[in-house]
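Inside the fold
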Amino acid sequence: VGKTTCARILAKVINQKDNDSPEQDYAFNIFELDAASNNSVEDIRNLNDQVRIPPQTGTYKVYIIDEVHMLSSSAFNAFLKTLEEPPRYAIFILATTEKHKVLPTILSRCQVFNFKRIQIKDMVLYLRSIVSKENLEAEDEALHLIAEKADGGLRDALSMFDQMVSFCNGVITYQKVVDNLNLLDKDYYFKVTDAIVNQNVGEVLNYFDQVLEKGFDGQLFLNGLSEHFRNLMVCKDSTTSHLLDVGENHRVKYSEQCKNTNLTFLLNALNINNQFDLEYKNSRNQRLHIELALLKLCHIKNMLNSATTLDELKKKSDEYIAKKEAQEKAKKANTASSPTPKIIPLADASFTLPKLPLKQNVVPTPAIQMEIAEIVEESDAFVKEAIQALKEESVTEPDEIENYVSKVEFNEHYLDIAMKTFAQDLNPSTAALLKMFEPKISGNEVKISMHKANINLVEPIKIEWQRFLRDYFNMKELTINIVEDNTIIRQTKAYTQREQLDEIVKNNPIVKELLKKLNLKLK
C-alpha cells in the first residue's frame, strides 16, 4: 500500500528548506536497509557505526529499515540502545507488514502510522485513469476483478493489469481476465445459489463438478460461496448496500437474487459454510466433504419450514406436562375411590407353551428352533384373541373376577413366569440378578437365598416386587423372605472357552463329530 514509497518521500523532503531548490538532492543522507536479508547482529552493528557520523549537508540523516519484523531477537536487542538514545540528527523509519512481531520496547519509542488497504473502488478509478491515458479499452467488471484479486495492494493490481494488457492486446474483457488469471467466474455462485434455493440437488452437484474440472480447489469454492451469501445479505438492507463492492452488472444481479432469499436462510447458510470450512483440512474425502455441505444447504428451506418457534415448543411442552399431571391425579383418585382386583392377562398367567419332546441337555437343531418359533407365533395370536374376548365379556361381578384370578395357581412353575414378567420392567443388571436365583415356596412365603452383596442390590425393589406377586396371584398374605447365604456365590462358576467347548461336546456328541470332520481346534 506504499509504506516504503512514503518513507522515501519523507526522507527526501525532511531536509528541504523553504529557500532550497526543488532539484536539491539529499540522496546521500538517506540509507536503506532490507531487514529481510540483513537481519543479523553484525548488520545492526554496522548501522550503529554509521549513525555516529553526522550529515555533511542538510540537517538529518534518515535510515529506512524495510520489513523490520524480520530482524532476529539478538538484532533487535542490539538496535534497542541506539533507538533509546539516538543522535539529534538521526531519524529511523521502520516499515513492516506485521507490527505485532516488533518488540514492544521498540514500538513504545516510535510514532506509529497504520496504513489501510486500498479500497477496490479507488483502485478501479486509478486503473481506469491508466486505461484513458494509454488509450486502452477495459470493461468495468474486468477492472473490478483485477482489484479484488489484488486484495488491497495497488502494486499487485498494476502487475496484473500489465499482464492483461499484453494478453488481451489492449482490449481487457471480464472473460479474458477470468481465463488468464485463473479466477472462478462469479456466475457459478449465482447459478449454485439459485439451485440451492430451488432445492435442486442434482444441479448443485453438477455445478460443483464443473468447478473441480476447471482445476479449482473445493475450499476456494466454499469460501467464494460464503462471500456470495455475505454480499446477498448486505444487499438486502439499504443501509448496508454500500458495503457491496462489485461492478454495476453484478450489483444488479445481486439485487435480483436477494429477493429470492431471506435473511434466516442466509445466516444458516453462512453458519454451515463456516463449519465445513473449519473441518475441511481434517477431512479425508474433501470432495465428499464439500458435497455434504451443499446437500445441507439445499435442505435449509425444509428445516426452516418444519421448525417451530421456541414459544410454540414451550407452549406444547407445558400443555403436555399439564395433561400428564391431570391423568395421574385422575388415576390416583379412581384407585382410591373404587379399588378392584387386578386381572392378570392370559399370556402371563394361565397359558404355557407346549413342551417339545427334546432330549435333556441337547441343543435344538435349526429345524426344531424354527418349529418352536412357529408355535410361539401361533400362541401369541391365540393369547391376543383370548385377551380381546375377555375384554368384550365386561367382567364386572367380584365373584367372576375371583374365579378368573384363581386360575393362576401358586406353584413354582407360575412363580417362575411371574418372576420373568416382573423382571421385564427392571434395568438389565437387576433383571439378570433376579434370574440367577431359584425361589422356593413355603406356604404363603416365597423364600430366596442369595449372597449378602446381592441382597443390598435387591432390597430397594423388594416392596414393589412383593406387591406385584400379591396382585399376580391374588394373595394379600404373600410375603418375600430373602435369606443371606454367602456360599451361593461360589456355586456360580465362570467357564473358560475350553470348558465351554468341553461342556457342549459332552452334551452333544454330534458336535465332536463335526469338529473332527472340519478339522477345527480351539487355540
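Just above sits the structure.
This report concerns the structure included in the present document.

Cut-offs used in this document
- Residues numbered from 1 in each chain as written.
- Predicted model: local features only at pLDDT ≥ 70, side-chain atom pairs only at ≥ 80, totals over all residues.
- Heavy atoms only, no water.
- Helix = DSSP H or I, 4+ residues; strand = E, 2+ residues; numbered from the N terminus.
- Polar contact = N/O pair within 3.5 Å; in protein donor to acceptor, adjacent residues only side chain to side chain.
- Contact = heavy atoms within 4.5 Å.
- Core = buried A, V, L, I, M, F, W, Y, C linked by side-chain atoms within 4.5 Å.
- Buried < 20%, exposed > 50% of the residue type's maximum accessible area, 1.4 Å probe, protein only.
- Arc of directions from axis to C-beta.
- Pairing = 2+ DSSP bridges.
- Right-handed = clockwise from strand over helix to strand, strands pointing away.
- Axes fitted to C-alpha atoms, helices over the stretch in contact; angles between N-to-C directions.
- Parallel < 35°, antiparallel > 145°, perpendicular 65-115°, else oblique.
- Left-handed = near helix turned anticlockwise from the far one by under 90°.
- Nonpolar A, V, L, I, M, F, W, Y, C, P; charged D, E, K, R; others polar.
- Salt bridge = Lys/Arg side-chain N within 4 Å of Asp/Glu carboxyl O.

1. Some details on the side chain of His 250
On the secondary structure map, His 250 appears in helix H12 (residues 248-257). Reaching out from His 250, the side chain makes a polar contact with the side chain of Glu 141 at a distance of 2.9 Å. In this structure His 250 touches Glu 141, Tyr 174, Lys 186, Asp 187 and Phe 190, once residues within four positions along its chain are discounted.

2. A closer look at the nonpolar core
Nonpolar side chains tend to gather and get buried jointly when the protein is soluble and globular. Ile 196, Phe 221, Leu 225, Phe 229, Leu 294 and Leu 297 are the most contacted members of the largest nonpolar core, which has 36 residues in total. Elements with a contribution of two residues or more to this core: helix H9 (187-197), helix H10 (201-213), helix H11 (218-235), helix H13 (263-278) and helix H14 (286-298). Here Leu 294 is in contact with Val 204, Phe 208, Phe 221 and Leu 225, once residues within four sequence places are set aside. Core analysis: the second largest hydrophobic core is formed by 27 residues, Tyr 414, Ala 418, Leu 469 and Met 475 among them.

3. What about H12?
Listed in full, the buried residues belonging to H12 are His 250, Tyr 254 and Gln 257. Projected onto a plane normal to the axis of H12, the buried residues spread over an arc of 70° and lie on a single side. In H12, those exposed residues whose orientation departs by more than 90 degrees from the buried face are Glu 248, Asn 249 and Glu 256. Those residues of H12 that are buried lie in contact with helix H6 (140-150), helix H8 (174-180), H9 and H11.

4. Quick look at unusual backbone geometry
Within the chain, Asn 474 stands out as a residue other than glycine whose phi angle is a positive 55°. Looking at where Asn 474 falls in the secondary structure, it is placed in the loop between helix H22 (462-473) and strand E8 (479-484). For Asn 474, a relative accessible area of 30% puts it in the partly exposed group. Of note, the phi angle at Asn 519 is positive, near 55°, even though the residue is not glycine. Following the sequence through the fold, Asn 519 ends up in the segment after helix H25 (509-518).

5. Comments concerning the pairing of strand E3 (residues 90-95)
Two strands pair when backbone bridges link them, and strand E2 (residues 61-66) and E3 are joined in this way by six bridges, in the parallel orientation. Among the inter-strand pairings, Asp 66 is bridged to a residue of E3, identified as Ala 95. What joins E2 to E3 is helix H3 (residues 73-84), and the crossover it makes is right-handed.

6. Observations concerning the packing of H9 against H10
At a minimum axis separation of 8 Å, H9 and H10 run at an interaxial angle of 160°. When the interaxial angle is binned, H9 and H10 end up roughly antiparallel. Note on packing geometry: the crossing formed by H9 with H10 is left-handed. Across the interface between the two elements, Tyr 188, Lys 191, Val 192, Ala 195 and Ile 196 from H9 touch Glu 203, Val 204, Tyr 207, Gln 210 and Val 211 from H10. Residues that form the contact of H9 with H10 fall into these classes: seven nonpolar, one polar and two charged.

7. Looking at the sheet that holds E3
Strand pairing within a sheet occurs via backbone hydrogen bonds; the two strands may be parallel or antiparallel. In spatial order, the strands read E1-E2-E3; together these three strands make up an open sheet with parallel pairing. Every interior strand has two partners, whereas the edge strands, strand E1 (30-34) and E3, have only one. For this sheet the average axis-to-axis angle between neighbouring strands, irrespective of direction, equals 15°. In the packing of helix H1 (residues 3-13) onto the sheet, contacts are made with E1, E2 and E3, and the angle to E2 comes to roughly 175°.

8. Notes on the pattern of salt bridges
Under the counting rule described, the total for this entry stands at 12 salt bridges. For Asp 140, the salt bridge identified is with Arg 128, shortest N-O distance 2.5 Å. One end of the pair, Asp 140, is in helix H6; the other, Arg 128, is in helix H5 (residues 120-133), and 12 residues separate them in sequence. Taking the relative accessible area as the measure of exposure, Asp 140 reaches 45% and is therefore partly exposed. Here Arg 128 falls in the partly exposed class, since its relative accessible area comes to 26%. A salt bridge links Arg 287 to Glu 291; its shortest N-O distance comes to 3.1 Å. One end of the pair, Arg 287, and the other, Glu 291, are both in helix H14, four residues apart, so they sit about a helical turn from each other. Among the residues examined, Glu 291 registers a relative accessible area of 18% and is labelled buried. It is possible to trace a salt-bridge network through shared partners that takes in Asp 209, Arg 287 and Glu 291.

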